[in-house]
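# A structural walkthrough
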Amino acid sequence: MSKAEAEQGLDSLLEYIKRGRGFDFTGYKRSSLVRRVNRRMQELGMEAYEDYLDRLEVYPDEFTQLFNTILINVTALFRDAEAWSYLAQEVIPQILANKSGGQQIRAWSAGCASGEEAYTLAIVLAEALGIDAFRNQVKIYATDLDEEALAEARQATYSAKALQVLPEELTRKYFEFVGGRYAFRNDLRRCVIFGRHDLIQDAPISHLDLLICRNVLMYFNSETQSRVLSRFHFALNDDCFLFLGKAEMLLAHANLFTPLNLKHRVFLKSSKLNLRDRLLVLAQSGDETVGSTLARQIRMREASFDAMPLAQVVVNAAGTLVLVNEQARHLFDLKQRDVGRPFHDLALSYQPIELRSRIDEAMRSGKVIDLRNIEHNTSAEELQFLDVQVAPLLDADGESLGASISFTDVTRYNRLRLELQRSNQELETASEELQSTNEELETTNEELQSTVEELETTNEELQSTNEEMETMNEELQSTNEELQAINEELRERTEELNDTNAFLESILTGLRTGIVVLNRDTSISIWNHQAEELWGLRSDEVEGQLFLDLDIGLPVERLQATIENALSGEAEYQELFLDAINRRGRSIRCRITCTPLVNSKQRQGAILLMEEWKQEQL
């Protein structure tokens, strides 16, 4: 695959994530993004981005694994410092300006993990209000599903490394050094309330001035995101703020929140909603009386729409596909992810008939447009006839909301009409041909029955194939786990080898004797620091060189026989004295000890120990 093709494949993958989940990773550092996405693909044994995109379409749970790989699940104090700086300088002052007479300020950190985000917010608010006002006015609710993470968050203690991002002044002001760790001030800690909370199931905390939920929504599908965001909208006071993660865009929820600063993902609650949006917010708010009743009514309406026997789609006034029932998805091969896309981007907008101009005409005129006997080739390459009706959708004030397009399958009626015409003609020609026509109809019925049986057989074969593929997938997962275990074992062995080498290097460096280790071909593999001190050559200059070819102050040619005896096994220990000149040009008497290097009972080389022999040693 060429570099251009790879770039195009990655762009398509990122666009799919943005369109399907509403999260934009294009602002991330490109090299890091490529490395982390490729890491996840390698874990699955994939090389092409197109293959991985197909996996995301088939296995929605794969989004969780991908996001974990990209984000590395890291939380820290003042993570994304620029975003927190914007919050402190622009958002917090607006919240304080709306409070008077010591009114309480309420904030919620949803998905707080180990608490760094909640304590960061506490520091920002305490800096803006002052310590005393903070204690009296502020309540910060920090919630998560993970009880272990909440237990860690309640401890509020951090290492010196975790506080390196803070100025020394803030560290002294908000943390106390206890037992080798830094603990958040206890009097301020009481303003931060931790608790377990399920964003999907539990009712939201209400009357909030600020809601922080960073890098959590991306783990939900679009339906669950809508439900959670509706609850967030209900939880916030009017004109108050939602602070999201770096990749979260809210592209599909502009009616609930408007962007205040897209770069830092700060959004403002939209208080001007139409009736439908208000009902949806109320239905998802967690209210056990009104909300649950409305939620059931909305789900009932959506279920009834989905169960309609006619294929039907709905396009809003902006030209976006907003509803598709099951019949339409099956008939035109539409997917749930197509909801929210511009209608003109879909093949349905021009096949089996051009619909864009008809939709515009229906919304403009307010009249229903009927189209009869439209030919449509199905995926099975069968000709189908459809009656298409484009009906404008109007609100109580007569304002256009969009259009509903329904498709009625009239193939059977067309076929019957043609058959009746042919039968009438045959009756007019001769009565005896009626029997022949009946026989043909019976034959046709038998063929249809045969086709149905073949389709049932094909379906069983497909089910069998699917089961085989699931079995293969489980085997591949098992193989992947084994490879991971082998990789971990190799990593541990490498670490042990590195420790051993470091230990050996420390010994060789600390010895006061020059040590030279030779391979069987007398090339140098080890040349320690004391050998450098004796002969003036660094280890990187001699390693790999033939020892007997060295030009140093030692007459190495006189050592050839000694080395050969060690290599051949004729001598286990040899000692000799040679006159030499050290690196400083001074004549010395050098004592040399030669022993064989033995590994697994085989001679792998020779070890030479060299030291200056002084008279007093005699």
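In the block above lies the structure referred to throughout.
Below is a summary of the structure that appears in this document. Throughout, a residue's number is its position along its own chain's written sequence, starting from 1. With the structure being a predicted model, the display of local features is reserved for residues of pLDDT at least 70 and the display and counting of side-chain atom pairs for 80 or more, all residues being used for whole-chain, interface and lining totals. Values shown for side chains rest on all heavy atoms present in the structure; no hydrogens or waters enter the calculation.

### Looking at the overall build of the protein
Secondary structure elements are defined from DSSP: runs of H or I of at least 4 residues count as helices, runs of E of at least 2 residues count as strands, and each element is numbered from the N terminus. Scanning the protein from N- to C-terminus turns up 20 helices and 20 strands. Counting only residues that meet the buried cut, the protein has 39% of its 618 residues in that class. Partitioning the contacts of the protein with sequence separation of at least 6, the portion at a separation of at least 24 is 56%. All accessible-area figures derive from a Shrake-Rupley calculation using a 1.4 Å probe, and residue coverage is judged against the displayed protein chains alone. For the protein, the exposed surface amounts to about 35700 Å²; the carbon and sulfur share of it is 48%. For every residue, the accessible area (1.4 Å probe, protein chains only) is compared with the maximum for its type, and the residue is labelled buried under 20%, exposed over 50%, or partly exposed between those bounds. Note on contacts: a residue pair is in contact if any heavy atoms of the two residues lie within 4.5 Å.

### Remarks on the sheet that holds strand β18 (residues 574–581)
Any two strands between which DSSP finds at least two bridges are classified as paired. Read from one edge to the other, the open sheet built from five strands follows the order β17-β16-β20-β19-β18, with strand pairing classed as antiparallel. Unpaired on one side and paired on the other, β17 (524–527) and β18 mark the two borders of the sheet. Put simply, the sheet's adjacent strands are angled 25 degrees from each other on average, direction ignored. When strand β16 (residues 514–519) meets β17, the two strands line up antiparallel, connected through three bridges. Note that in β17 the partner of Leu518 across the bridge is Ile524. Under this scheme, a helix contributes an axis fitted over its contacting stretch, all axes are lines through C-alpha atoms, and angles between N-to-C directions fall in the 0 to 180 degree range. Where helix α20 (residues 560–568) meets the sheet, it contacts β16, β18, β19 (587–599) and β20 (602–612), and its direction lies at approximately 145 degrees from that of β20.

### Things to note about helix α16 (residues 411–429)
Along an α-helix, a turn takes 3.6 residues, which lines up residues three or four apart on a common side. A helix is expected to span 1.5 Å multiplied by its residue count minus one. Here α16 spans 27 Å end to end across 19 residues, near enough to the 27 Å set by a 1.5 Å rise per residue. Of all the residues in α16, the buried ones are Thr411, Asn414, Ser423 and Glu426.

### Section: the side chain of Asn261
Residue position: Asn261 is located in strand β9 (residues 257–261). A polar contact of 2.9 Å, which involves the side chain of Asn261, links it to the backbone nitrogen of His264. If we ignore the near neighbours within four places in the chain, the residues touching Asn261 are Tyr86 and Val266. Nitrogen and oxygen atoms within 3.5 Å of one another constitute a polar contact, given that in protein one can donate a hydrogen and the other can accept it, and given that sequence-neighbouring residues count only through two side-chain atoms.

### Description of helix α6 (residues 116–129)
Between its terminal C-alpha atoms α6 stretches 20 Å, which fits the 20 Å expected from 14 residues at 1.5 Å a residue. Burial runs high along α6: eleven of the 14 residues are buried. For α6, the complete set of buried residues consists of Glu116, Glu117, Ala118, Tyr119, Thr120, Leu121, Ala122, Ile123, Val124, Leu125 and Ala126. Trailing α6 by a residue or two, Gly130 shows a phi angle of about 95 degrees, which is positive.

### Quick notes on the sheet that holds strand β4 (residues 175–178)
Pairing within the open sheet is antiparallel, and its three strands lie in the order β3-β5-β4. Of all the strands in the sheet, the pair left with one neighbour each is β3 (157–158) and β4. Taken together, the two bridges between β3 and strand β5 (residues 181–184) define a ladder with antiparallel strand orientation. The residue bridging Thr157 from the neighbouring strand is Ala183, located in β5.

### Let's talk about the nonpolar core
In terms of nonpolar packing, the biggest core is built from 43 residues, with Phe134, Ile140, Tyr174, Phe175, Phe184, Phe194 and Leu210 touching the most fellow members. Ignoring any residue separated from it by four or fewer positions in sequence, one finds Ile140 in contact with Ala107, Ala118, Leu121, Ala122, Leu125, Phe134, Cys191, Val192 and Ile193. If you look at the next biggest cluster of nonpolar residues, it comprises 27 residues, including Val542, Ile552, Leu608 and Met610. Here, nonpolar core refers to any group of buried Ala, Val, Leu, Ile, Met, Phe, Trp, Tyr and Cys residues whose side-chain atoms link them within 4.5 Å.

### What to know about the pairing of β4
Bridge count between β4 and β5: four bridges; the pairing is antiparallel. Its bridge partner lying in β5, Glu176 is registered against Ala183. Where β4 hands over to β5, the hairpin turn is made up of two residues, of which Gly179 adopts a positive phi near 60 degrees.

### Looking at unusual backbone geometry
A cis geometry characterises the amide bond from Gln351 onward to Pro352, with omega recorded as 5 degrees. Along the chain, Pro352 turns up in the loop between α14 (326–332) and α15 (356–365). Even without being a glycine, Asn373 presents a positive backbone phi close to 50 degrees. With respect to the helices and strands, Asn373 occurs in strand β13 (residues 369–377).

### Structural notes on a negative patch on the surface
Candidate patch residues must exceed 30% relative accessible area and have no salt bridge, after which like charges are joined if within 9 Å and Val, Leu, Ile, Met, Phe, Trp or Tyr side chains if within 5 Å. Here, a salt bridge means any Lys or Arg side-chain nitrogen found within 4 Å of an Asp or Glu carboxyl oxygen. Positive: Lys, Arg. Negative: Asp, Glu. His and the chain ends are not part of the count. Each charge is placed at NZ for Lys, CZ for Arg, CG for Asp and CD for Glu. Taken together, Glu5, Glu47, Glu50, Asp51 and Asp54 make up a surface patch of like negative charges. Considering every element that reaches the negative patch, the biggest residue donor is helix α3 (residues 49–58), with three residues. Along the chain, Glu50 turns up in helix α3.

### A look at the environment of Pro342
Relative to the elements of secondary structure, Pro342 occurs in the loop between α14 and α15. Residue Pro342 is classed as partly exposed on the basis of its relative accessible area of 32%. In this structure the C-alpha to C-alpha distance between Pro342 and Ala318, which are 24 residues apart in sequence, comes to 8.4 Å. Other than its neighbours up to four places away in sequence, Pro342 contacts Gly319 and Thr320.

### Focus on the pattern of salt bridges
By the definition in use, this model includes 29 salt bridges. The network of salt bridges with common partners includes Arg40, Glu43, Arg55 and Glu62.

### Here we look at the environment of Leu236
Along the chain, the position of Leu236 falls in strand β8 (residues 236–244). Of the residues examined, Leu236 reaches a relative accessible area of 2% and is grouped as buried. Sequence spacing of Leu236 and His207 is 29 residues, and the spatial spacing of their C-alpha atoms is 5.6 Å. Setting aside its immediate chain neighbours within four residues, Leu236 contacts Leu208, Asp209, Leu210, Leu211, Phe241, Leu242, Phe257 and Lys269.

### Digging into the environment of Ile92
Positionally, Ile92 belongs in helix α5 (residues 81–97). Look at Ile92 and you get buried, because its relative accessible area is 0%. Measuring from C-alpha to C-alpha, the distance between Ile92 and Val124 comes to 8.3 Å, with 32 residues separating the pair along the chain.

### A look at the packing of α5 against α6
As a packed pair, α5 and α6 sit with axes 10 Å apart at the nearest point and diverge in direction by 55 degrees. Considering the angle they form, α5 stands oblique to α6. The hand of the α5/α6 crossing is right-handed. Of the residues in α6, those in contact with Trp84, Ala88, Ile92 and Leu96 of α5 are Glu117, Thr120, Leu121, Val124, Leu125, Ala128 and Leu129. Residue composition of the contact of α5 with α6, grouped by class: nine nonpolar, one polar and one charged. Under this scheme an angle from 65 to 115 degrees is roughly perpendicular, one under 35 degrees roughly parallel, and one over 145 degrees roughly antiparallel; angles in between are oblique. Put simply, a crossing is left-handed when the front helix is turned counterclockwise from the back one by less than a right angle, and right-handed when it is turned clockwise. The classification used treats Ala, Val, Leu, Ile, Met, Phe, Trp, Tyr, Cys and Pro as nonpolar, Asp, Glu, Lys and Arg as charged, and all other residues, Gly among them, as polar.

### Considerations on the packing of aromatic side chains
Ring geometry is summarised as follows: Phe, Tyr and Trp rings, the Trp one being its six-membered ring, pair when their centres sit within 6.5 Å, and such pairs are stacked at plane angles under 30 degrees, edge-to-face over 60 and tilted between the two. With the rule as written, the count across this model stands at twelve aromatic pairs. One aromatic cluster is present, formed by Tyr119, Tyr158, Phe175, Phe184 and Phe194 through successive ring pairs.

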